[in-house]
Amino acid sequence: MLLGVAALAVGVVLPASAAAGDTRIHDIQGTTRLSGLDGQQVADVPGVVTAIRAFGSARGFWMQDPTPDADPATSEGILVFTGSSTPSVTVGDSVLVTGTVDEFYPDAAPDKSVHQSTTELTQATWTVESSGNALPAAETVGKRTVPEDMAPDAGGGSVEALPLRPDDFAIDYWESREGMRVGVTDAKVVGPTSSFNEVWITTKPRQNTSANGGTIYPGYRDENTGRVKVESLIPFAQHPFPKANVRDTLTGETSGPVEYDQFGGYTINATTLGELAPGGLEPEQTRPQEDGELAVATYNVENLSPKDAQAKFDTLAHGITTSLASPDIVSLEEIQDNNGSTNDTVVAADVTLQKFVDAIVAAGGPRYEWREIDPADDQDGGQPGGNIRVAFLFNPARVSFVDRPGGDATTAVTVTGAGAPALSVSPGRINPASEAWTASRKPLAGEFVFQGRTVFVVANHFNSKGGDQPMYGRFQPPTRSSETQRVAQANEVNEFVGQLQAVDRKANVVVLGDLNDFQFSPAVHELTSGHRLKDLMNVLPRNERYSYVFEGNSQALDHVLVSGRMSADYDVVHVNAEFADQASDHDPQVVRLTPRG
């Protein structure tokens, strides 16, 4: 017999409850998320090696019991963790493993983690009894396999002590298959391949289908339980990871053991990967504005700085000139300072903006002018040192900007005038001293004139969802802690719009940008309160309401809102979020307006 020894392998003394040879994998896994044998040593646990991870610092192998019990809540698979050492086993080996049962939390100590744990064997030794054995068949995951409901309701507390109900809840289904082989046939791609070589598929191809073949996220209690992430255990030299877009298909079988991952939850670690069949998705283009239409766009350009390759500037510029048809005004989010992530005292972004404007001209677009306000150093969140901010581009051949001096990082813009509102400073920041904007971007208000009509535009980039509990974590329902600040930010902007409308209830107002929240969220509800603004995302057909793809969910983070007196033709232009090759993770959008006089 062959003897394999993992890193830090030690001799074991078994308690009576885990006597040698008495313990099977389903005894370790149990009927809840936490093993009743956690911290104990077990001996001669039998299984067939089904997969090996031979790279990285979390190496190991999965094994599965070929003679399962009759309980659907108990998994028959488990990971044997070997750290940075590649285990000396081969797929198909029948092994007896001795080791310590451990519940591994990926992000923090057990009392601090928001994630579920992985049940695994550590400090393991094993003997190979035989080789070349047939693997337990991969369980087929079809369109009706995974339950519609995501998780049991624990009142915001932990679900770990609850008995698994794999027929009722999606996370219970996947937990009861932890470490086991599962497979999907002709898997439809709903989240493009990422830079980490992972892709999101769905087992429910007709679940909340988007116009482009993705999966729309329509509400907090409709999480789209068909979604699952796929990574690969196959060496890329042998089988390069597919560069997939939304609407593509992984034809044939995609199968492997199930593992919990802090970046997306339950994952199929593929040992068999379907072949990529392109779905034919192409980047979109919007129509040009007519002479009497004012085209206003928003585009999160994802930490744009002079450090980026010229190719990124060129691709984004093509997005402005071709995809968006050279809008008259553009709200840009995530413009970084002149040296990007270098964390020093530089806050100016004129080099960044000039390089972008030049790229737009080279792409055949107009020579835009820009307006922005440099933030105080390291006060607006985002990538450390980057000093991201919002900025306006505008085409001076089509629209003029009303400059009023005095706007800076700390000066608040106010509304002046009687009968005809005006900004005290233009551009100007909305109440920058408010706690609502702590470590977050401050909105930028600007006063424009289009064909003799004044239009007020407010560019926004609300705080991120960082700190929220994950959809698939152990706390259910998850707490959205970041939401409180976005609601406060929305209130600030809504009150500012109210000041404009108090002077002229028919004022032409556009509020737009990356709000980092959904059309059904409390923050957007607050932003539209008092019927001051209309969120145009809700004007679109239900299957088109998205600007971002996160973990396979097509969702709306970017918005354009307008005062109710302007006619509006609105378009989210899908050029990034659904594609593996993307210049930004957000899709831009544009509205063509007919302002009132």
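Residues numbered from 1 in each chain as written. Predicted model: local features only at pLDDT ≥ 70, side-chain atom pairs only at ≥ 80, totals over all residues. Heavy atoms only, no water.

Let's talk about the confidence of the model for the chain
And step 1. The predicted model of the chain averages 95 in pLDDT, with 97% of residues at 70 or higher.
And step 2. Contacts for the low-pLDDT stretch residues 1-20, under 50 throughout, to residues beyond four places or in other chains number 45 contacts. (pLDDT = per-residue confidence, 0-100. Contact = heavy atoms within 4.5 Å.)

Details of the environment of proline 384
And step 1. Relative to the elements of secondary structure, proline 384 occurs in the loop between strand 16 (369-371) and strand 17 (389-394).
And step 2. Each C-alpha atom, one on proline 384 and one on alanine 420, is 41 Å from the other, the two residues being 36 residues apart in sequence.
And step 3. Those residues in contact with proline 384 that sit more than four places away from it in its chain are Ser341 and Asn343. (Helix = DSSP H or I, 4+ residues; strand = E, 2+ residues; numbered from the N terminus.)

Digging into the environment of serine 84
And step 1. By the element assignment, serine 84 lies in the loop between strand 4 (77-83) and strand 5 (94-104).
And step 2. For the pair serine 84 and valine 591, spaced 507 residues apart in sequence, the C-alpha separation works out to 53 Å.
And step 3. Excluding residues that lie within four positions of it along the chain, serine 84 makes contacts with Gly56, Ser57 and Arg59.

Comments concerning the packing of aromatic side chains
The geometry of two aromatic rings is summed up by the distance between their centres and the angle between their planes.
And step 1. All told, the structure shown has 17 aromatic pairs when counted by the stated rule.
And step 2. Where tyrosine 220 meets phenylalanine 518, the ring centres are 6.0 Å apart and the plane angle is 70°; that geometry is what we call edge-to-face. Of this pair, tyrosine 220 sits in the loop between strand 9 (199-202) and strand 10 (227-232) while phenylalanine 518 sits in the loop between strand 24 (509-514) and helix 6 (522-527), and the two are 298 residues apart along the sequence.
And step 3. In this structure phenylalanine 518 comes out as buried when scored by relative accessible area, which is 6%.
And step 4. Between the aromatic rings of phenylalanine 236 and phenylalanine 241, the centroid separation amounts to 6.4 Å while the plane-to-plane angle is 65°, which identifies the pairing as edge-to-face.
And step 5. When its relative accessible area of 11% is taken as the criterion, phenylalanine 241 is described as buried.
And step 6. Put simply, the rings of Tyr217, Tyr220, Phe518 and Phe520 pair up and form one aromatic cluster.
And step 7. In this structure, lysine 465 packs its charged tip against the face of phenylalanine 518, placed 4.2 Å from the ring centre. (Phe/Tyr/Trp six-rings, centres within 6.5 Å; stacked < 30°, edge-to-face > 60°. Buried < 20%, exposed > 50% of the residue type's maximum accessible area, 1.4 Å probe, protein only. Lys NZ or Arg CZ within 6 Å of the ring centre and 35° of its normal.)

Comments concerning unusual backbone geometry
Outside of glycine, negative phi angles account for most residues, and trans bonds account for most peptide bonds.
And step 1. In this structure, the amide linkage connecting serine 426 to the following residue, proline 427, adopts the cis form with an omega of 5°.
And step 2. Mapping proline 427 onto the fold places it in the loop between strand 20 (422-423) and strand 21 (428-429).
And step 3. The phi dihedral of asparagine 387 falls on the positive side, at around 50°, and the residue is not glycine.

What to know about helix 4 (residues 350-362)
And step 1. Between the first and last C-alpha of helix 4 there are 18 Å, a value that for 13 residues agrees with the 18 Å anticipated at 1.5 Å per step.
And step 2. Looking only at helix 4, the buried set comprises Thr352, Leu353, Phe356, Val357, Ala359 and Ile360. Taken end-on, helix 4 shows its buried residues confined to a sector of 160°, consistent with a single buried face.
And step 3. In this fold, the buried residues of helix 4 make contact with strand 14 (294-304), helix 3 (310-323), strand 15 (329-335), strand 16 and strand 17. (Expected span 1.5 Å × (residues − 1). Arc of directions from axis to C-beta.)

Notes on the packing of helix 3 against helix 4
The geometry of a pair of packed helices is captured by two quantities: the angle between their axes and the separation between those axes.
And step 1. Running from N to C, helix 3 and helix 4 point in directions that differ by 60°, and their axes come no closer than 8 Å. Judged by the inter-axis angle, helix 3 sits oblique to helix 4. In terms of crossing hand, the pair formed by helix 3 and helix 4 is right-handed. Residues Gln310, Phe313, Asp314, Leu316, Ala317, Ile320 and Thr321 of helix 3 pack against Thr352, Lys355, Phe356, Ala359 and Ile360 of helix 4.
And step 2. The class makeup of the residues in the contact of helix 3 with helix 4 is seven nonpolar, three polar and two charged. (Axes fitted to C-alpha atoms, helices over the stretch in contact; angles between N-to-C directions. Parallel < 35°, antiparallel > 145°, perpendicular 65-115°, else oblique. Left-handed = near helix turned anticlockwise from the far one by under 90°. Nonpolar A, V, L, I, M, F, W, Y, C, P; charged D, E, K, R; others polar.)

Section: the pattern of salt bridges
And step 1. All chains considered together, the criterion is met by 28 salt bridges.
And step 2. The salt bridge partner of arginine 404 is glutamate 447, with a shortest N-O separation of 2.5 Å. Here arginine 404, found in the loop between strand 18 (400-401) and strand 19 (415-416), pairs with glutamate 447, found in strand 22 (residues 444-450); they are 43 residues apart in sequence, far enough to count as distant.
And step 3. Judged by relative accessible area, arginine 404 falls into the partly exposed class, the value being 27%.
And step 4. Given a relative accessible area of 4%, glutamate 447 falls into the buried group.
And step 5. Salt bridges here are not isolated pairs; linked through shared partners, they connect Glu198, Lys229, Glu231 and Asp261. (Salt bridge = Lys/Arg side-chain N within 4 Å of Asp/Glu carboxyl O.)

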